[in-house]
Structures are given as C-alpha cells and as structure tokens.
Amino acid sequence: MAAGYLDILRARHAARLLTGTLVGRLPNGTAPIAIVLFTRAEGGSYGLAGGLAAVYGLGTAVGQPLLGRAVDLYGQPRVQLPAAVLSALGMALLAVAGFGSLSLAYAAVAVAGVFTPPLEGGLRALWPSVLGSEDRVHRAYAMDAVAQEVMFTVGPLLVTLLVSLWSPAAALLVINAIGVLGALSVVLSEPSRTWRSAPREAHWLGALRSRGLLALLGSFFFVGMALGSITVAGVAYADDHGRESVYGWLMAALGLGALIGGAVYGARQWSGPPERRLRVIVALLALGYLPLMLTPGVVAMTVLAAVAGVFLAPAIACSFIVVDRHAPRGTVTEAFSWLVTTFGVGAAAGTAVAGPAVELGGTAWSFAVAGAGGAAALLVLLCTGRVLAVPGRSAVAVRGPEGDREGAVETGLSPDPQA
C-alpha cells in the first residue's frame, strides 16, 4: 500500500505540489473556526460569528468556479497567487479593524472568501503532467483525498494552538500568511508555470455545459449535505451525553475512517468504468450513515462514526476521475472547482436542515438527514446513469509551450456528445 504512494511522492515536483497545495488551502480549511474564535474574543455574538462564516462560505462558493475558469484561460500563476494575496488581505483587514464597522467586517470576509485561490482544482489539473500514467494519476487523486482529511484534522488544532499562544487575531494573520506561502510554492514550480489548459470552445456555461458533470454535481451536493448534517448532529449527540469531548471523538473517528478508506482505495488498481464504481461506493456510503440514527452509547457510536467515514474519501477520489472524464475541453480546473463549490454548498444546506431536525425530533432525526442525503446522492447517480455512461473525454496528452515534455497535459479533448 505504502509503496504506491511513495512512488507518487518520489516523482519530480509531486511532493512539493501536494504540500504547497495543502498549506495554501489551510486558510480555507480553518476559516470557520478561526472566524468564530475571533468574533467571540472581540465580544461578538454567536449569531454574528455564524453570519460572518456564512458570508465567507458563500463567497468561496461563488469565487471558486470563476477563478477556476480564469486559471483555465490565463494560467495558474496569474490567478492563484494574486487571489491568495487578496484573500489574505481580506482576513487581515478583519483581524486589524475588528467590528468597529460591521459592514467592513462582512466585506472583509466576503473578499477573503471570493478570492480563495482554486488550488484544489489546480493540483488535479497538474497531476497528469507530473505523473504521466493514468494509474498513477488515479492513485494521486486518492492520496489527495486522504491528505484533505489530514488537513481538516490538523488545521483546527493549529488554529487553537495559535489562539492559546497569542490571540485569535494573530491566528487569523498567521494562518493566512502561511496560506500565501503555500500558494507561492505551487505557482513558482515548473509544472504550474508551464501548464496550459487545452483550447476551449467559447461558451458562457463553461464546464457546466456537460450533462455528465451536472449529474455528478447533483449527487455530490447531497453527499456534502450528509456530511454537513453530521457536524450538527454530532454536537446534539454530545449535548445528550453531557460531554463536549464526545463531539471531538465522533469527528476524529469519522476522519480516521476516511483516512483508512482512502488509503486502501488508492492502493489498488481498479478496472471498469469509474462511473459504475462510484455508484457502488456512494451506495455503501449511504448505508454507512443509516446506523448513526440508532444513537447508541458513546463507544458504539464512535465505532459507527468510523465505519460511516470509510467510504467518504474513496467517493471523493472516484469523483475526481469522473470529473476528469466529463469536463468539456479546456475547462478542467473550472470543473474541479465546481465540485468543491457544490460539495461546500451541500454541506451548508445539511447544517441548516439538521438544526431544525434536532429541535423537531431530537438527535436521531438530525442523523437521519445524513442518511437521507446519502440516499439522495445515490438516487441521482442511478437516475442519471445513461448520461454518466458517456464520458466526454479520453486520455490525450498535450504538449506544453515550445514542445516542453513537462508542459501541460489535459486528459481528454473530445467534445461531450451529451453536452
């Protein structure tokens, strides 16, 4: 298992790109908790903290696909680094100005969200040029999904450490400064500098003109909804058992399950269409969420949470392959960014629905939202099976500028007959 991942990391530029992308995405992964801690330290209410975090999330949802399209049009360095700097400046403005003006505070987090650089989609666009073979690229997608779980576990811990050592304002400044350095490391690398998207057909819908991609996004809205609802349901379960630490155990178990599932999935070479494989994985993901409705004792619930997380990273990794197969020519970064946006919007919707579910029917009902989200995700994939069965693209290498062998590669150039 480890040998396959080490093979990827030994490839030239691979470790730098993966590390730089994870570090560059640190501000995005830690923004909600950093904003809440800063707002509370400044005397703001939880309502204000939630409002600011929501504006940041909405800004990110809007900005990711737009910036992803800009990357496809103008290249990575011209978009990623300026966006990272502007996003960091937005958070710095919040940290320095505080809440003397609420309008300014909301504007600051909106700027930070909108200009969050699409490093995640950019990395997936670079993997083919760095790794070459399709099998290695698919394994890199799985490793990417696992690395995300690590970031979302370590990131909040880093924020709380900075808050305890200095202050919430310092945490905002330091995390975003680190993020800029991560983006800088990526855009100064040779693959990022030489990468060029394939020529694209002018169309105002961009990546969204692919019906296969729309089907995948519809499914992963509900996967995001399931995951978002669990964050609220976990808090309600911890309250029921009178210990805040229970929530941490549940989230850690969920992340551990995802780490194990992603590592095992990426270590194997899979045959057959990834669209069919994705349906099986999402079905297992949905089944894993259903037992959470039983809300047993803490030990049993922690085990159930770990089982529920096992198929999350494989589902995400497999979705990357499907995106790559269905994204129209010249829209690969934008397409990956749409997946990030849709997943995030779904998570926000799940959070919004799970809250009233707790009040109406208790903790079990909030976990039922996760099960319903998983089932809906599977239903979308089953109903759109014929659309997803016709991939829009096949593996084609594209030489970089001036015939550079390490230039741009985009997997697939044939137009989507379903688009």
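Relevant structure appears above.
Residue positions are given per chain, counting from 1 as you read along its sequence in written order. Confidence filtering applies because this is a predicted model: local features only for residues at pLDDT of at least 70, side-chain atom pairs given and counted only at 80 or more, and all residues used for totals across whole chains, interfaces and linings. Excluding hydrogens and water, the side-chain figures rest on all heavy atoms present in the structure.

Trainee: Would you take a moment to explain the overall build of the protein chain for this structure?
Mentor: Helix and strand counts for the protein chain come out as 18 helices and 0 strands. Radius of gyration (C-alpha) of the protein chain: 21 Å, near the 22 Å computed for a compact globule of 419 residues. Contacts in the protein chain between residues at least 24 apart in sequence constitute 80% of all its contacts with a sequence separation of at least 6. Every accessible area reported is derived by Shrake-Rupley at a probe size of 1.4 Å, with residue values counting cover from the shown protein chains alone. For the protein chain, the accessible area works out to roughly 17100 Å², and carbon and sulfur atoms hold 68% of it. His residues and chain termini do not enter the charge count, which takes Lys and Arg as positive and Asp and Glu as negative. To locate a charge, take NZ of a lysine, CZ of an arginine, CG of an aspartate or CD of a glutamate. Here the protein chain carries 26 positive and 22 negative side-chain charges, and the mean point of each set is 6 Å from the other. Secondary structure elements are taken from DSSP: a helix is a run of H or I of four residues or more, a strand is a run of E of two residues or more, and numbering for both begins at the N terminus. Both definitions apply: the radius of gyration is a C-alpha atom measure, and the globule rule equals 2.2 Å times residues to the power 0.38. In this analysis, two residues are considered to be in contact whenever any of their non-hydrogen atoms come within 4.5 Å of each other.

Trainee: How should the nonpolar core be read in this particular structure?
Mentor: Within soluble globular proteins, side chains that are nonpolar generally end up buried alongside one another. Core analysis: the biggest nonpolar cluster contains 103 residues, and Leu94, Trp127, Phe220 and Tyr289 have the highest contact counts within it. At 12 residues, the largest contribution of residues to this core is made by helix 11 (residues 211-240). Residues in contact with Leu94, not counting those within four places in the same chain, are Phe38, Phe99, Ala105, Ala108, Val109 and Leu172. Judged by nonpolar contacts, the second largest core, of 5 residues, contains Ala84, Ala88, Leu119 and Val180. We call a set of buried residues a nonpolar core when its members are Ala, Val, Leu, Ile, Met, Phe, Trp, Tyr or Cys and they connect through side-chain atoms within 4.5 Å of each other. Classification of residues uses two cut-offs on accessible area relative to the type maximum, computed with a 1.4 Å probe and protein chains only: under 20% is buried, over 50% is exposed, and between them is partly exposed.

Trainee: So what exactly am I meant to see when it comes to unusual backbone geometry here?
Mentor: Peptide bonds are, in most cases, trans, and in most cases residues other than glycine have a negative phi. Here His13, not a glycine, exhibits a phi torsion of approximately 80 degrees, which is positive. Residue classification places His13 among the buried positions, given a relative accessible area of 17%. Backbone geometry places Thr295, a non-glycine residue, at a positive phi of 40 degrees.

Trainee: Explanation requested: empty space enclosed by the protein in the structure shown.
Mentor: Regions of empty space are outlined by a rolling probe, equal in size to a water molecule, passed over the atoms. In this analysis a 1.4 Å probe is tested at points of a 1 Å grid over the protein atoms alone, and where it fits but cannot get out there is a cavity; an open set with protein on both sides within 12 Å along at least five of seven lines is a pocket; lining residues have an atom within 4 Å of a point. Grid points are joined across faces, edges and corners, and a volume is the space filled by probe spheres set on the points. Enumeration according to the criterion identifies 3 cavities of 30 Å³ or more in this entry. What the largest cavity holds in volume is close to 140 Å³. The wall of the largest cavity is formed by 17 residues, among which Gly24, Arg25, Asn28, Thr116 and Pro117 lie closest to the centre. Counting only elements with at least two residues in the lining of the largest cavity, the list comes to helix 3 (26-41), helix 4 (46-74), helix 5 (77-97), helix 7 (119-131) and helix 9 (168-187). Under the scheme applied, nonpolar residues are Ala, Val, Leu, Ile, Met, Phe, Trp, Tyr, Cys and Pro; charged residues are Asp, Glu, Lys and Arg; polar residues are all the others, including Gly. Of the residues belonging to the lining of the largest cavity, the class tally is 7 nonpolar, 8 polar and 2 charged. Its boundaries defined by the atoms lining it, the second largest cavity holds a volume of some 50 Å³. Around the second largest cavity sit Ile230, Leu250, Met251, Leu254, Leu292, Met301, Ala305 and Phe367, which together line it. Taken together, the elements giving at least two residues each to the lining of the second largest cavity come down to helix 12 (245-266) and helix 14 (298-309). If one sorts the elements of the lining of the second largest cavity by residue count, helix 12 sits on top with 3 residues.

Trainee: Would you explain the packing of helix 16 (residues 332-361) against helix 17 (residues 363-383) in this entry?
Mentor: Between two packed helices, both the angle of their axes relative to each other and the distance between the axes serve to describe the pair. Packing of helix 16 against helix 17 leaves a shortest axis separation of 6 Å and a crossing angle of 145 degrees. Considering how the two elements wind past one another, helix 16 and helix 17 form a crossing that is right-handed. Of helix 17, the residues touching helix 16 (which contributes Val353, Ala354, Ala357, Val358, Leu360 and Gly361) are Thr363, Trp365, Ser366 and Val369. In terms of residue class, the contact of helix 16 with helix 17 is made up of 7 nonpolar, 3 polar and no charged. Between N-to-C directions, angles span 0 to 180 degrees; the directions come from axes that are lines fitted to C-alpha atoms, helices contributing only their stretch in contact. When the near helix sits turned anticlockwise from the far one by under a right angle, the crossing is termed left-handed; a clockwise turn instead gives a right-handed crossing.

Trainee: What exactly am I supposed to notice about the packing of aromatic side chains here?
Mentor: Each pair of aromatic rings taken from Phe, Tyr and Trp, with Trp reduced to its six-membered ring, is defined by centres within 6.5 Å and is described as stacked if the planes are under 30 degrees apart, edge-to-face if over 60, and tilted in the remaining cases. Tallied over the full model, the rule gives 6 aromatic pairs. With a centroid separation of 5.6 Å and an interplanar angle of 40 degrees, the aromatic rings of Phe38 and Phe99 are classed as tilted. With Phe38 in helix 3 and Phe99 in the loop between helix 5 and helix 6 (102-114), the pair connects residues that are 61 residues apart, well separated along the chain. With relative accessibility at 19%, the residue Phe99 sits in the buried group. These aromatic residues form a ring-pair network of at least three members: Tyr141, Phe320 and Phe336. Against the face of Phe320 rests Arg124, its NZ or CZ located 3.6 Å from the ring centre. The ring of Trp270 carries Arg268 above its face, with NZ or CZ at 4.2 Å from the centroid. Over a ring means this: the NZ of a Lys or the CZ of an Arg is within 6 Å of the ring centre and within 35 degrees of the ring normal.

Trainee: Explain a nonpolar patch on the surface here, please?
Mentor: Residues with no salt bridge and a relative accessible area higher than 30% make up the patches, which join like charges within 9 Å and nonpolar side chains (Val, Leu, Ile, Met, Phe, Trp, Tyr) within 5 Å. Salt bridge, as used here: a side-chain nitrogen of Lys or Arg that lies within 4 Å of a carboxyl oxygen of Asp or Glu. A cluster of nonpolar side chains, namely Val280, Leu284, Leu287, Leu290 and Met293, defines an oily patch on the protein surface of about 420 Å² accessible area. Note that Val280 resides in helix 13 (residues 274-289).

These figures capture arrangement, not role.
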